[in-house]
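Residues per chain are reported as follows:
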Amino acid sequence: SWNGCNVLCRRLPGVVLPEPLPQQQWPELSEQQQQQHHPDVSCAAGGAAAAADAPTPAYSADFIRRRLVVFVSIVIGYSCYYLTRNSLTYTAPVMVADPKLAMDITQIGAMTSIFPIAYGMSKFVSGVLGARFSPSVLLAGGLMATALINIAFGFGTSLTWFCFFWALNGTLQGVGGPCCARILTTW
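Predicted model only: the values in this text are computed from it and were never measured.

Draft legend 1. Structural context of the overall build of the chain. What the chain contains, in helices and strands, is 9 helices and 0 strands. For the chain, the sequential pattern of α-helices and β-strands runs α-α-α-α-α-α-α-α-α. Out of the 187 residues in the chain, the part that is buried amounts to 29%. Contacts in the chain between residues at least 24 apart in sequence constitute 68% of all its contacts with a sequence separation of at least 6. Looking at the chain as shown, the accessible area adds up to about 12200 Å², and 68% of this sits on carbon and sulfur atoms.

Structural data, given as structure tokens:
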């Protein structure tokens, strides 16, 4: 039935399909043309047959190797972003315990509140930047800049310093995701 074909072919609901040609008109049509004119046959029986008949793309070994290298590089790069994103989790107890900094948990809370706001806002800008510039360059540049910001964060002694660099870190963190997505979708 036509409804079965809609389900098997995963067509959108409400799509009206043409009626198949009557059986008597088929002798002059090839088998492929018959399946095109009779969707029940092409959907139900032709799904597996079409998959078997369809040419499988032949990728060179170099292409597959390059794709694997790109994928592993993206995973490592984004993992590094993730590590520098959570560095305050490990340094906050030390910052509160250090008498030279004279920080309390409220000040740490202010810093941790700034990060997701900067991160979320930078996602919008990073998506546009990732579409206009090389995502590989943005991914690597953003990661290097994030590393430098995290190092500069360690030289601070005031809440203003920490908040500024942590917000800057959040802004640069937003570059990673859109760049990885673009690299994956364009290979």
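On we go.
Draft legend 2. View of the packing of helix 6 (residues 105-132) against helix 8 (residues 159-173). For the pair helix 6 and helix 8, the least separation of the axes is 7 Å and the interaxial angle reads 30°. Classified by the angle between their axes, helix 6 and helix 8 sit roughly parallel to one another. Considering how the two elements wind past one another, helix 6 and helix 8 form a crossing that is right-handed. From helix 6, Q107, M111, I114, F115, A118, Y119 and S122 reach across to helix 8, where they touch L159, F162, C163, W166, A167, N169, G170, T171 and Q173. When its residues are assigned to classes, the contact of helix 6 with helix 8 shows 10 nonpolar, 6 polar and no charged.

Draft legend 3. Spotlight on the nonpolar core. Grouped together as the largest cluster of nonpolar side chains are 17 residues, with contacts concentrated most on L88, M95, M103, I108, M111, F153 and F162. Sort the elements by how many residues they give to this core and helix 8 lands first, with 5 residues. Each residue touching M103, except ones within four places of it in the same chain, is listed here: M95, V96, I108, M111, L159 and F162. Core analysis: the second largest hydrophobic core is formed by 7 residues, I74, L139, C179 and C180 among them.

Draft legend 4. Region of the structure containing the side chain of S87. Structurally, S87 is set in helix 5 (residues 87-97). Here the side chain of S87 touches N150 through a polar contact of 2.9 Å, side chain to side chain. Other than its neighbours up to four places away in sequence, S87 contacts N150 and W166.

Draft legend 5. Region of the structure containing the side chain of T146. By the secondary structure assignment, T146 is in helix 7 (residues 135-153). Each residue touching T146, except ones within four places of it in the same chain, is listed here: Y81, T84, N169, L172 and Q173.

Draft legend 6. Region of interest: unusual backbone geometry. Unusually for a residue other than glycine, A102 sits at a positive phi of about 50°. Note that A102 resides in the loop between helix 5 and helix 6.

Draft legend 7. Spatial organisation of the packing of aromatic side chains. Taken as a whole, this structure holds 7 aromatic pairs when the rule is applied. Judged by centre distance (4.9 Å) and plane angle (25°), the ring pair of Y59 and F63 falls under stacked. Take F63: its relative accessible area is 28%, and that puts it in the partly exposed class. An angle of 50° between the planes, with centres 5.3 Å apart, marks the rings of F153 and W166 as tilted. Of this pair, F153 sits in helix 7 while W166 sits in helix 8, and the two are 13 residues apart along the sequence. Its relative accessible area of 7% is what places F153 among the buried residues. Linked through ring pairs, F115, Y119, F153, F162 and W166 together constitute an aromatic cluster. Over the face of the ring belonging to Y59 we find R67, whose NZ or CZ atom lies 5.9 Å from the ring centre.

Calculation criteria
- Residues numbered from 1 in each chain as written.
- Predicted model: local features only at pLDDT ≥ 70, side-chain atom pairs only at ≥ 80, totals over all residues.
- Heavy atoms only, no water.
- Helix = DSSP H or I, 4+ residues; strand = E, 2+ residues; numbered from the N terminus.
- Buried < 20%, exposed > 50% of the residue type's maximum accessible area, 1.4 Å probe, protein only.
- Contact = heavy atoms within 4.5 Å.
- Areas by Shrake-Rupley, 256 points an atom, 1.4 Å probe, with all protein chains shown as cover.
- Axes fitted to C-alpha atoms, helices over the stretch in contact; angles between N-to-C directions.
- Parallel < 35°, antiparallel > 145°, perpendicular 65-115°, else oblique.
- Left-handed = near helix turned anticlockwise from the far one by under 90°.
- Nonpolar A, V, L, I, M, F, W, Y, C, P; charged D, E, K, R; others polar.
- Core = buried A, V, L, I, M, F, W, Y, C linked by side-chain atoms within 4.5 Å.
- Polar contact = N/O pair within 3.5 Å; in protein donor to acceptor, adjacent residues only side chain to side chain.
- Phe/Tyr/Trp six-rings, centres within 6.5 Å; stacked < 30°, edge-to-face > 60°.
- Lys NZ or Arg CZ within 6 Å of the ring centre and 35° of its normal.

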